[in-house]
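This is what each chain is made of:
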Amino acid sequence: MPVAITLTVDEEGAGAVREMWTRLAEAGLESTARNFAYRPHVTLAVLNEDEADGSTEAVAREAARQIGSRTAPLRLTLASLAVFPGHPAVLFAAPKPTRALLDLQAALCERAEAKGLGAHLTPHTRAEAFVPHVTLCEAVEDVGAALGALAGTEWPLRLRLSSLDVVRFHPATVLESVPLTG
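Because the structure is predicted, anything quoted here is derived from the model rather than measured. (Residues numbered from 1 in each chain as written. Predicted model: local features only at pLDDT ≥ 70, side-chain atom pairs only at ≥ 80, totals over all residues. Heavy atoms only, no water.)

## A word on the pattern of salt bridges
And step 1. Across all of its chains, the model carries 8 salt bridges by this definition.
And step 2. Put simply, E57 and R61 hold a salt bridge, and the shortest N to O gap is 2.9 Å. Of this pair, E57 and R61 both sit in helix 3 (residues 55–68), separated by 4 residues, roughly a single helical turn.
And step 3. Note that K115 and E62 form a salt bridge whose closest N and O atoms lie 3.7 Å from each other. Residue K115 is located in the loop between helix 4 (99–114) and strand 5 (134–140), and its partner E62 is located in helix 3; the two are separated by 53 residues in the primary sequence.
And step 4. A single salt-bridge network, built from bridges that share partners, covers E57, R61, R65, R168 and E176. (Salt bridge = Lys/Arg side-chain N within 4 Å of Asp/Glu carboxyl O. Helix = DSSP H or I, 4+ residues; strand = E, 2+ residues; numbered from the N terminus.)

## A short note on empty space enclosed by the protein
And step 1. For the structure on display, the rule yields 1 cavity of 30 Å³ or more.
And step 2. Lining of the largest cavity is provided by I5, A45, L47, V59, A60, A63, L108, R111 and A112.
And step 3. When residues of the lining of the largest cavity are traced back to their parent elements, those giving at least two are strand 2 (41–47), helix 3 and helix 4.
And step 4. Here the lining of the largest cavity is composed, by residue class, of 8 nonpolar, no polar and 1 charged. (1 Å grid on protein atoms, 1.4 Å probe; cavity = no way out; pocket = protein on both sides within 12 Å on 5 of 7 lines; lining within 4 Å. Points joined across faces, edges and corners; volume = space filled by probe spheres on them. Nonpolar A, V, L, I, M, F, W, Y, C, P; charged D, E, K, R; others polar.)

## Looking at the pairing of strand 5
And step 1. For strand 5, a buried count of 5 out of 7 residues is recorded, marking the element as mostly surrounded by other parts of the structure.
And step 2. Two elements, strand 4 (residues 89–95) and strand 5, share 4 bridges in a ladder whose sense is antiparallel. Following the sheet pairing, A93 is matched in strand 5 by V134. (Buried < 20%, exposed > 50% of the residue type's maximum accessible area, 1.4 Å probe, protein only. Pairing = 2+ DSSP bridges.)

## Topic: the nonpolar core
And step 1. Ranked by size, the top nonpolar core spans 47 residues in total, and within it L7, L24, L44 and L136 carry the most contacts.
And step 2. Contacts of L44, omitting those with residues within four sequence positions, involve I5, T6, L7, L101, L104, Q105, L108, T125, F130 and L164. (Core = buried A, V, L, I, M, F, W, Y, C linked by side-chain atoms within 4.5 Å. Contact = heavy atoms within 4.5 Å.)

## Topic: the side chain of T43
And step 1. Within the secondary structure layout, T43 lies in strand 2.
And step 2. Engagement of the side chain of T43 in a polar contact is seen with the side chain of H41, the distance being 3.3 Å.
And step 3. Apart from residues no more than four positions distant in its own chain, T43 is found in contact with A4, I5, T6, T125, F130 and H133. (Polar contact = N/O pair within 3.5 Å; in protein donor to acceptor, adjacent residues only side chain to side chain.)

## Some remarks on the environment of R23
And step 1. Summarising the element assignment, R23 is placed in helix 1 (residues 11–26).
And step 2. The sequence separation of R23 and L150 amounts to 127 residues, and the corresponding C-alpha distance is 6.8 Å.
And step 3. In contact with R23, other than residues within four places in its own chain, are A149, L150, A151, G152 and T153.
And step 4. Among the polar contacts listed, one links the side chain of R23 to the side chain of T153, at a separation of 3.2 Å.

## As for helix 1
And step 1. The terminal C-alpha atoms of helix 1 lie 22 Å apart, and with 16 residues this matches the ideal 22 Å at 1.5 Å per residue to within 8%.
And step 2. Every buried residue belonging to helix 1 is among G13, A14, V17, M20, W21 and L24, and all of these are buried. Down the axis of helix 1, the sector holding all buried residues measures 115 degrees, keeping them to one side. For helix 1, exposure combined with an orientation more than 90 degrees from the buried face picks out E11, E12 and E26.
And step 3. Within two residues after helix 1, G28 carries a phi angle of roughly 85 degrees, on the positive side. (Expected span 1.5 Å × (residues − 1). Arc of directions from axis to C-beta.)

Written as structure tokens, this is what we have:
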């Protein structure tokens, strides 16, 4: 099963994201809250585990500990809604990328590469293809209905990212949570 390293939204900011999840669910759309039962987050890296050696989880935990201990909590401004196209599509809240966020994600990718796990990174979490996002709804068949459900959301939303989590999914199981303390 894949292992992800995520930046989690603190409880104050998570409420705004959960409110959007609720509005989407009330509109009959599949909600990320139901899918993952995991707090709002930005996924920085997803590593497909090599079942033969089991090193992926250990590398992810080590990277989270080392990078999290020297990284201060980050501010994130969600500025708009966006969609990863496909059938079905994925609806997400798009943040204004910051240098600190992009550097943190690149450091995780570099760590995976240095440990020989670069080939295990999923294509959308490689540094050159990374799109920061907070997933709101997966499996969106009707993008217009999803956007309509969130009409009236007051933008921007200002969040604080407070920990690096190592998560195995599906379903989401937090293997380790490292507070950002740097």
